[in-house]
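# Architecture at a glance
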Amino acid sequence: MLKRILVTGGAGFLGSHLCERLLDAGNEVLCVDNFFTGTRRNVSHLLDRKPFEILRHDITFPLYVEVDEIYNLACPASPIHYQFDPVQTTKTSVMGAINMLGLAKRLKAKVLQASTSEVYGDPVEHPQREEYWGNVNPVGIRACYDEGKRCAETLFFDYIRQHQLPAKVVRIFNTYGPRMHPNDGRVVSNFVVQALKGEDITIYGDGSQSRSFCYVDEIVEAMIRMMATPPEVTGPINIGNPVEFTILDLARMVIEITGSKSQIRFKDLPSDDPKQRQPDITRARAELGWEPKIELREGLTKTIAYFEELLLNPNVVPRP
Ligand code: NAD
Ligand code: UDP
Ligand code: UDP
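Treat the numbers as computed from the prediction; the structure is a model and nothing was measured.

Segmenting the protein into domains produces domain 1 (4–176 + 214–239) and domain 2 (187–211 + 243–277 + 294–316). The C-alpha centroid of domain 2 is placed 25 Å from the C-alpha centroid of domain 1. With 14 residues of domain 1 in contact, the opposing surface of domain 2 contributes 11 residues. Residue classes in the side of domain 1 that touches domain 2 are distributed as 5 nonpolar, 6 polar and 3 charged.

This is the structure in structure tokens:
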């Protein structure tokens, strides 16, 4: 059945892929974005497709539209972007969640929150299960993002308990792929752009810290599956790739695939940088019938092809 679906942050990296998938499935999509980190270019190829609409709007302000489902993705996600205006980051997570929950409540619509593995902070439990409460510094430089997202989760579960809202939370782990912002400082985009330009690859710390990287299409699939679950499936559910790599492994793989002559340069580790991160996806397997299949090498090859084209012609965003 055709649905009217709102995607906040729809002009961003994950949001643009989600809008595309939802349109492909025959839905009507309303993309709401204030273009802080997202761009019209990310969704320009969807503009000539009906029924797709873009609305410039900041979700810290109320929004009155009529839709059947809401995916709440609006929030800067990379440290340099969310630390640029930390107060606005917290407002986006907290006031944005209140507005999207209020909207969902009025419409009796399903609403899904894009939460994050950062709610676990620098985890002392490994891999991270949803039952783990996390280890977040509430006054550090990452707190605007981590605590904002934690508070958004609190609001989601209070609206579920207090208003019987069909609301859902997924905790997304590090995701990569085409349409990542080339200058947002995240490790995959940094390394790929540095390798393609023949510049030094900047490893923060000694590169022994680890992350688990999931290809964007698989995260989009998991979000769509989560939205389709019955109301009693609320999450939180971890979605991410459980295969863990050190940052040094990643640098070597990028150099190998690109055939770059770049050298590795070690720089200072930023404060509060988590040492390791790996999702336990037992719940996602059981409740969504989902697990990632795309290996890092395969996903990186597609991502590198995207950035190669982007660097050749920055005005044209290549279609993945
Ligand atoms: P992104 O920066 O590419 O996209 C975020 C989008 O939200 C951008 O288009 C931005 O302009 C928009 N936005 C920001 N503040 C807004 C506001 N106040 N009102 C309206 N729009 C606003 O980031 P992304 O990687 O696509 O992340 C999307 C969501 O997924 C975020 O909520 C992020 O926290 C979450 N997430 C992403 C990752 C990842 O690895 N990419 C991991 C965990 C969670
Ligand atoms: N809201 C919105 N769109 C709507 C309905 C509500 O943006 O269609 C906002 C509204 O600004 C309100 C918030 O969502 O502040 C929370 O709504 P709720 O009904 O839960 O609370 P209340 O209106 O009682 O504050
Ligand atoms: N990182 C790095 N070099 C870079 C960018 C990031 O070594 O040019 C490291 C960073 O310190 C962290 C890891 O890579 O340990 C992942 O960083 P990212 O910002 O992509 O994600 P997050 O820390 O939010 O998981």
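So, on to the sheet that holds strand β1 (residues 4–8). With parallel pairing, 7 strands are arranged side by side in an open sheet as β3-β2-β1-β4-β5-β6-β11. Strands at the two margins of the open sheet, each flanked by one partner only, are β3 (52–56) and β11 (237–239). Sheet twist, expressed as the average angle between the axes of neighbouring strands with direction ignored, equals 20°. Of the pairings in the sheet, the one linking β1 to strand β2 (residues 28–33) comprises 5 bridges and is parallel in character. Paired with V7 across the bridge in β2 is C31. Packed onto the sheet, helix α1 (residues 13–24) meets β1, β2, β3 and β4 (69–72) and runs at close to 165° relative to β2. Where helix α3 (residues 86–107) meets the sheet, its contacts fall on β1, β4, β5 (110–116) and β6 (167–172), and the angle it forms with β4 comes to roughly 170°.

What follows concerns the site of ligand 3. For ligand 3, the set of nearby residues contains 15 residues, the closest of which are R186, V187, N190, T202 and Y204. Contributing elements (two or more residues each) for the shell around ligand 3: α5 (187–197) and β8 (201–204). Here the shell around ligand 3 is composed, by residue class, of 6 nonpolar, 6 polar and 3 charged. Both domains that meet at the shell around ligand 3, namely domain 1 (4–176 + 214–239) and domain 2 (187–211 + 243–277 + 294–316), each give it at least three residues.

Here we take up the site of ligand 2. Taken together, P62, L63, Y64, I98, N99, L101, G102, L103, K105 and R106 make up the full set of residues adjacent to ligand 2. Within the shell around ligand 2, the residues separate by chemical class into 6 nonpolar, 2 polar and 2 charged.

Definitions and cut-offs
Residues numbered from 1 in each chain as written. Chains lettered and ligands numbered in written order. Predicted model: local features only at pLDDT ≥ 70, side-chain atom pairs only at ≥ 80, totals over all residues. Domains from an automatic or database assignment. Contact = placed C-beta atoms within 7 Å. Nonpolar A, V, L, I, M, F, W, Y, C, P; charged D, E, K, R; others polar. Pairing = 2+ DSSP bridges. Helix = DSSP H or I, 4+ residues; strand = E, 2+ residues; numbered from the N terminus. Axes fitted to C-alpha atoms, helices over the stretch in contact; angles between N-to-C directions. Near = placed C-beta within 6 Å.

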